[in-house]
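# Remarks on the overall topology
Here are the chains, one letter per residue:
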Amino acid sequence: MSIWEAVAVLVAGLGAGTINTIVGSGTLITFPVLLAVGLPPVTANVSNTLGLVPGSISGAIGYRRELAGQSRRLLRFAAGALIGGLAGAILLIALPSSAFKMIVPALIAVALVLVVVQPRLAAALRARRARNGTVARRDGGFALFAGLLLASVYGGYFGAAQGVIYLSLMGVLLSDDLQRINAIKNVLAAVVNGVAAVFFLFVADFDWTAVVLIAVGSAVGGQIGAKVGRRLPPVALRAAIVVVGLLAIAQLLLR
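### Structural notes on empty space enclosed by the protein
- If you walk through the whole model with that rule in mind, you get 2 cavities of 30 Å³ or more.
- The calculated volume of the largest cavity comes to roughly 210 Å³.
- In terms of lining, the largest cavity is formed by 22 residues, of which the most central are Asn20, Ser56, Gln162, Ala189 and Asn193.
- Listing elements by their share of the lining of the largest cavity, those giving two or more residues are α1 (3–22), α3 (41–62), α7 (162–173) and α8 (178–203).
- For the lining of the largest cavity, the leading source of residues is α3, giving 5 residues.
- For the lining of the largest cavity, the residue count by class is 4 nonpolar, 17 polar and 1 charged.

### Considerations on the environment of lysine 227
- Mapped onto the elements of the fold, lysine 227 is located in helix α9 (residues 208–229).
- The exposure class of lysine 227 is partly exposed, given its relative accessible area of 49%.
- Sequence separation between lysine 227 and threonine 21 is 206 residues; the distance between their C-alpha atoms is 9.4 Å.

### What about the environment of asparagine 186?
- Assignment of secondary structure puts asparagine 186 in helix α8.
- Distance from asparagine 186 to isoleucine 57, taken between C-alpha atoms, is 7.7 Å for residues 129 residues apart in sequence.
- Beyond its immediate chain neighbours, meaning those up to four positions away, asparagine 186 contacts Asn20, Thr21, Ser56, Gly59, Ala60 and Tyr63.

Rules used in this analysis
Residues numbered from 1 in each chain as written. Predicted model: local features only at pLDDT ≥ 70, side-chain atom pairs only at ≥ 80, totals over all residues. Heavy atoms only, no water. 1 Å grid on protein atoms, 1.4 Å probe; cavity = no way out; pocket = protein on both sides within 12 Å on 5 of 7 lines; lining within 4 Å. Points joined across faces, edges and corners; volume = space filled by probe spheres on them. Helix = DSSP H or I, 4+ residues; strand = E, 2+ residues; numbered from the N terminus. Nonpolar A, V, L, I, M, F, W, Y, C, P; charged D, E, K, R; others polar. Buried < 20%, exposed > 50% of the residue type's maximum accessible area, 1.4 Å probe, protein only. Contact = heavy atoms within 4.5 Å.

In structure tokens form, the structure reads like this:
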């Protein structure tokens, strides 16, 4: 890797760490850069996952204030993320790299629709519960756990726009502030990337230079993203999610 290629990977890591903390989808920045500097697709994917772990942890730490009072639901969701992330990492090694090529853009598109309609959908669910005299579960119930588990399987496999999917599911099924939901998303991403990274260390090929460069860049970016993300009002944050998701779909379809 030349010096300029190394700089490009470092800057990509910085951008990925920032955008992952705010929205998610940082993989859509780093993965193409790793391919451009000559890494094979699976090696690039594995190296990217390993490198983004410090960024995920950094973003979660940056959002620690919004995590207050969420320990119970966080432990439940993290258990699902751990299982799903490991399953996704195993699938990456076992399945051909094109396995999710067609389904991923559709998955992201559905998530974006949920993000857009989330305020009205959540209000309708609250009204329905009020009519039926039922109370919403603070952890979103089995439906949310199952959805997050499946999203974590996808995250361990590839992870592009994983954060968008997390935010769409929690935004609809949890009655909570979007910033607090975003804080949970950062922890879940850290869990998925972490368990996948540990698995890849033993069974997959990766490029240590790329891993270190992305790790350094994403760790710094995680702190930047936390400072920027928590200052965004809900409408602006929702708009950012949609824009990033649409770019993700475009990139995946044009690749």
